[in-house]
Amino acid sequence: MSVATPEGIDLARSLDESLGKILDTEALLEATRDDLPLPAESTATMVGLGLHGVALDEGSGGLGLPLADRVRLAAVLGRHLVPAGLRDEIFGAVPALAVLADQDGVAPLLDRLTEGELRAGVALSSRSDGAAYTLMPEGGELLVLLGPDRIELHRLEDGVELTALNGLDAGQGLSRVDATGSDPLASLAGERAARVRREYELSLACEAFGAAERTLEISAEYADQRQQFGRPISSFQAVAHLLAEMKLALETSRAGIGRIVDLDEENEADEAELELWRATLAHAVPAAARTACEGAIQVHGGIGFSWELGLHLHYRRILAVQFLLGGDSATAELVGANYLERRSR
Amino acid sequence: MTMGQLPVETLSFRPEDETLRAEIRAWMAANDPGAPPEDFEQRLAALLAWQQKLHGAGYIGLSWPERYGGSGLDLRAEAVFSEELATTGMPELINRIGVYMCGPTIMDFGDEGQAERYLRPMLDATESWCQGFSEPEAGSDLAAIRSRGRVDGDRIIINGQKVWTSRAHIARRCACLVRTEPGSERHHGLSLVIVDMEDPGVNVVALPQMLGERHFNEVFLDDVEARVEDVIGGLGNGWAAAMRMLSYERGLFVLERQIRLRRALDELADRMLESGRASERGVRERLGRIHTGLELLKAQGYRTLAGQAADDLPAGSTSIDKLHLSRVEQDLFATAVDLLGPEVALTYNQWTHDLLEGRSVSIYGGSTEIQLNIISKQLLGLGASR
């Protein structure tokens, strides 16, 4: 039973409201145009919302929210296109530091990170070639490198090389990571490390879902208002079916997210099954989000392609998520390889 | 504008459901008769015997109330049964339409007299059912029903024609949608009437499918006599009853279908493993896509069942199940035939059979285009789309 907690629901609602006030389209467009972070005061307000404890156990000083709440919160972040670096701290860096917290010097860093006094970036190293990219927040001092089943925590000043790139999802501090010259401050290999990565990947997928769902809402409303040939464009079947296809893509993804939350809570599913499920969602959800967002742009016609409407902001974010996770083909191949491997056992 | 529900609930199984699953699984393993014979008469007999055997074991109508001959369990038990049934060599239940669609509709909309008369014989398949909905001029536009039912005292005299009527040739009863209010239009004035297929006015003509198989029929109704007391939900309430019946067509059916498709994918995967092609990137990627589609289908099916169990299923939501099923099924067999190559693609075999049969999925039970209409209207609430 994937029941979200009352605390989680309240938090998601108040977060939705707060973020709606902080992140307006104009500010996001400006940051994207200039490839710069949002104004410092907006960032400070968001960091101060106390979200860093969302994915952290109560024992470690967090909120101890179940997965049911976390997927919803990740989707709320996606709706509002919250800076990727903040998302990475909440769903990547904090849980990673929590599993490293018994190693020398990590616990104080975790405290400072959750208090918003210290910033950290997260990088997923590619399963195929090890390439890694991070969205480093301004003033970031730490890098969490998530391998397939290994976590490394690096101090940037210890020899991590970051090459700034011209990000498509601009203003997020996209950089290529080379940590080969740095000795990690702490590291962990094995199942717990793998789980941190998989849950982080799931939060990215949920973020893309949230961003895409927003574009569908905007599009359905627009289609009922926009008049052409003397009637709302939603009355044309070609347009209505395009919107229905977007809905179809998102609803099957919604079911998939619901399923993994239930499996996670049932404790019946074996870890291998859950792993295959997470890989499946990491493939399916961003793909569905992309379908929906591309549909949204199409439904709007010329204005959908414009700078000012800002649907490109959602599109940039969804594409970024899809390719941080490996891209459409690579994630499909990973699912297939995983499935074939199970089948051959 | 507020965001949609996340996460949604999907069907969760309790320990007692898993106990039932283990029991049914063992029973199926010991009693699976394998694929039924090809010959029509023999096949019919085998399918009938199979449902009777399942009924004897207590597995038909698990979610039906005990007073109607069921086991009084819930939809979870029914889901477990559907999933385990799909692991056998036998196709769907011969009286699937009775047990899963007409029966529950009678329980919801009918009266005790109808329940008394019709429910029990559905379970052991002594009376098989069919659904008399589509007509030559009322396919996608179901509300254009022309078949007429003239009410005469306690009788209804029915004239008209039904088409694409699955299993009419083996059915004893038909839940038939007819216009009983003269001059009524569209959704109004319709009634869902139980017709005895042995009435002399009923004439069933086979309509073979593209594979030459006979699953559906034309049904001609000439002065067929039915009874007013056999109207499900009362005169003039046919549309609501018919829509309820259609909503029962999804949930469990998708669950069972999904398992059968999973078996086909597993077999394809095994062929790729045996031939050494499983290490090819393209093969992995394509199997990964089908696996993904099937897992989402299962998740959506569980979501629908959780909604049905809680009696909280949004109108139109099962169009998602139907559309996604048709996409996955067609993709699966197209991919299979493509990966297995010309030797398989050029010959008649299970794979090519299923490829051809897959074309029906996007047509039966409401075409893809109709499902998209339903989604845009009922789920998205778009104003004037037609």
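Note that the coordinates shown come from a computational prediction; the quantities given were computed from them, not determined experimentally.

Caption draft 1: Layout of the overall build of chain B. Assigned secondary structure in chain B consists of 12 helices and eight strands. Computed over C-alpha atoms, the radius of gyration of chain B comes to 21 Å, within 12% of the 21 Å expected from 2.2 N^0.38 for 386 residues, which places it in the range of a compact globule. Overall, the C-alpha framework of chain B stretches about 70 × 50 × 45 Å when taken along its three principal axes. Classification of the 386 residues of chain B by burial places 47% in the buried group. In chain B, once contacts between residues fewer than 6 apart in sequence are set aside, the share between residues at least 24 apart is 70%.

Caption draft 2: Looking closely at the overall build of chain A. The helix and strand tally for chain A stands at 11 helices and nine strands. The C-alpha atoms of chain A give 20 Å as radius of gyration, which agrees with the globular expectation for 345 residues (20 Å, within 12%). Dimensions along the principal axes, computed over C-alpha positions, put chain A at roughly 70 × 50 × 40 Å. Buried residues in chain A amount to 54% of all 345 residues. Here the contacts in chain A between residues at least 6 apart in sequence split such that 71% fall between residues at least 24 apart.

Caption draft 3: Focus on the domain arrangement of chain A. Residue and element names in this part refer to chain A. Looking at chain A, the domain boundaries give domain 1 (6-190) and domain 2 (192-344). One C-alpha centre belongs to domain 1, the other to domain 2; they are set 21 Å apart. Those elements that place two or more of their residues in the side of domain 1 that touches domain 2 are helix 2 (25-34), helix 4 (67-79), helix 5 (84-100), strand 4 (150-155) and strand 7 (186-189). For the side of domain 1 that touches domain 2, the element with the highest residue contribution is helix 4, accounting for 10 residues. Taken together, the residues of the side of domain 1 that touches domain 2 break down into 22 nonpolar, seven polar and seven charged.

Caption draft 4: Structural view of unusual backbone geometry. All names here are of chain B. Omega for the peptide link from Leu6 to Pro7 comes to -5 degrees, which places this bond in the cis form. Topologically, Pro7 is positioned in the segment before helix 1 (15-31). Positive phi, normally seen in glycine, also occurs at Asp311, with a value near 50 degrees. For Asp311, the location among the structural elements is in the loop between helix 8 (281-309) and helix 9 (318-340). Looking at Asp311, the number of C-beta atoms within 10 Å reads 6, which means it is exposed.

Caption draft 5: Geometry of the sheet that holds strand 3 (residues 142-146) of chain A. All names here are of chain A. One open sheet holds the seven strands; their spatial order is 5-6-2-1-3-4-7, and the pairing between them is mixed. Strands with a single pairing partner mark the edges of an open sheet, and in this sheet they are strand 5 (161-164) and strand 7. Neighbour to neighbour, the strand axes of the sheet diverge by 25 degrees on average, direction disregarded.

Caption draft 6: Seen up close, the environment of Lys298 of chain B. Considering the arrangement of structural elements, one finds Lys298 of chain B in helix 8. Spatially, the C-alpha atom of Lys298 of chain B lies 20 Å from that of Leu20 of chain B, the residues being 278 residues apart in sequence.

Caption draft 7: View of the interface of chain A and chain B. Each partner contributes to the interface: chain A provides 50 residues, whereas chain B provides 41 residues. Where the side of chain A that touches chain B is concerned, the elements lending two or more residues are helix 4, helix 7 (191-225), strand 9 (231-232), helix 8 (237-266), helix 9 (271-300) and helix 11 (328-344) of chain A. Ranked by the residues each element gives to the side of chain A that touches chain B, the list is headed by helix 8 of chain A, at 18 residues.

Caption draft 8: Spatial organisation of the packing of helix 4 (residues 96-109) of chain B against helix 5 (residues 112-123) of chain B. Residue and element names in this part refer to chain B. Their axes nearest at 10 Å, the elements helix 4 and helix 5 cross at an angle of 165 degrees. With respect to helix 5, the element helix 4 is oriented roughly antiparallel. Here the hand of the crossing between helix 4 and helix 5 comes out left-handed. Here Gly98, Val99, Gly103, Ile106 and Met107 of helix 4 come into contact with helix 5, specifically with Gln114, Ala115, Tyr118, Leu119, Met122 and Leu123.

Caption draft 9: Quick look at the nonpolar core. In terms of nonpolar packing, the biggest core is built from 219 residues, with Val144 and Leu243 of chain A touching the most fellow members. Among the elements that line this core, the one with the most residues is helix 7 of chain A, at 15 residues. Ignoring anything within four residues of it in the chain, the contact list for Leu243 of chain A reads Ser219, Ala220, Ala223, Gly295 and Val299 of chain A together with Ser376, Leu380 and Leu382 of chain B.

Caption draft 10: Seen up close, the domain arrangement of chain B. In terms of domain boundaries, chain B breaks down into domain 1 (15-94), domain 2 (129-241) and domain 3 (250-379). Here the C-alpha centre of domain 3 of chain B lies 31 Å away from the C-alpha centre of domain 2 of chain B.

Caption draft 11: The confidence of the model for chain B, seen in detail. Across chain B, the average pLDDT comes to 94, with 99% of residues at 70 or higher. Here the predicted complex scores 0.95 on pTM and 0.96 on ipTM.

Caption draft 12: Structural context of helix 9 of chain A. In this model helix 9 of chain A runs 43 Å from its N-terminal to its C-terminal C-alpha over 30 residues, within 8% of the 44 Å that 1.5 Å per residue would give. Directly after helix 9 of chain A, the chain includes Gly301 of chain A, whose backbone phi takes a positive value near 65 degrees.

Caption draft 13: Structural context of the environment of Asp16 of chain A. Considering the arrangement of structural elements, one finds Asp16 of chain A in helix 1 (residues 6-22). For Asp16 of chain A, a count of 19 C-beta atoms within 10 Å translates into the label partly exposed. Spatially, the C-alpha atoms of Asp16 of chain A and His80 of chain A are 7.8 Å apart, while their sequence positions differ by 64 residues. Setting aside chain neighbours within four positions, we find Asp16 of chain A in contact with Val76 and Arg79 of chain A together with Met3 of chain B.

Caption draft 14: Fine view of helix 9 of chain B. Taking 1.5 Å per residue, 23 residues should reach 33 Å; helix 9 of chain B reaches 33 Å between its end C-alpha atoms and fits that length. Count one or two residues on from helix 9 of chain B and you reach Gly341 of chain B, which has phi positive near 90 degrees.

Caption draft 15: Structural view of the environment of Ala309 of chain B. Within the secondary structure layout, Ala309 of chain B lies in helix 8. Sequence separation between Ala309 of chain B and Leu11 of chain B is 298 residues, and the spatial gap between their C-alpha atoms is 8.6 Å.

Caption draft 16: Seen up close, the pairing of strand 1 (residues 120-125) of chain A. Residue and element names in this part refer to chain A. Among the six residues that make up strand 1, five are buried, leaving the element largely enclosed by the rest of the structure. Direction of pairing for strand 1 relative to strand 3: parallel, over a ladder of five bridges. When the bridges of strand 3 are listed, Leu124 appears paired with Leu146. Hairpin geometry of strand 1 and strand 2 (residues 132-135) is characterised by an intervening segment of six residues between the two adjacent antiparallel strands and by a positive phi of about 80 degrees at Gly130.

The rules behind each value
In this numbering scheme, every chain counts its residues from 1 along its sequence in written order. Lettering of chains starts at A and numbering of ligands starts at 1, both following the order in which they are written. Local features in this predicted model are restricted to residues whose pLDDT is 70 or higher, and side-chain atom pairs enter the listing and the counts only when it is 80 or higher, whereas totals over whole chains, interfaces and linings include all residues. We count a stretch as a helix when DSSP gives it H or I for four or more residues in a row; a strand needs E for two or more, and each element gets its number in order from the N terminus. Radius of gyration here is computed from C-alpha atoms only, and the compact-globule reference equals 2.2 Å multiplied by the residue count raised to the power 0.38. Once C-beta atoms are placed from the backbone, each residue is buried if 20 or more other C-beta atoms lie within 10 Å of its own, exposed if 12 or fewer, and partly exposed for counts between those two. We call two residues in contact whenever the C-beta atoms placed from their backbones are within 7 Å. Just so you know, the domain bounds were taken from an automatic or database domain assignment. Only Asp, Glu, Lys and Arg are considered charged, only Ala, Val, Leu, Ile, Met, Phe, Trp, Tyr, Cys and Pro nonpolar, and every remaining residue, Gly among them, polar. Pairing between strands is defined by DSSP: at least two bridges between them are needed. Between N-to-C directions, angles span 0 to 180 degrees; the directions come from axes that are lines fitted to C-alpha atoms, helices contributing only their stretch in contact. Between 65 and 115 degrees an angle is taken as roughly perpendicular, under 35 as roughly parallel, over 145 as roughly antiparallel, and anywhere else as oblique. Throughout, a crossing is termed right-handed when the near helix is turned clockwise from the far one, and left-handed when it is turned anticlockwise from it by less than a right angle. Take the buried Ala, Val, Leu, Ile, Met, Phe, Trp, Tyr and Cys residues, join any whose C-beta atoms are within 7 Å, and the set you get is a nonpolar core. pLDDT: the predictor's confidence for each residue, scored from 0 to 100. The span you would expect from a helix comes to 1.5 Å times its residue count less one.

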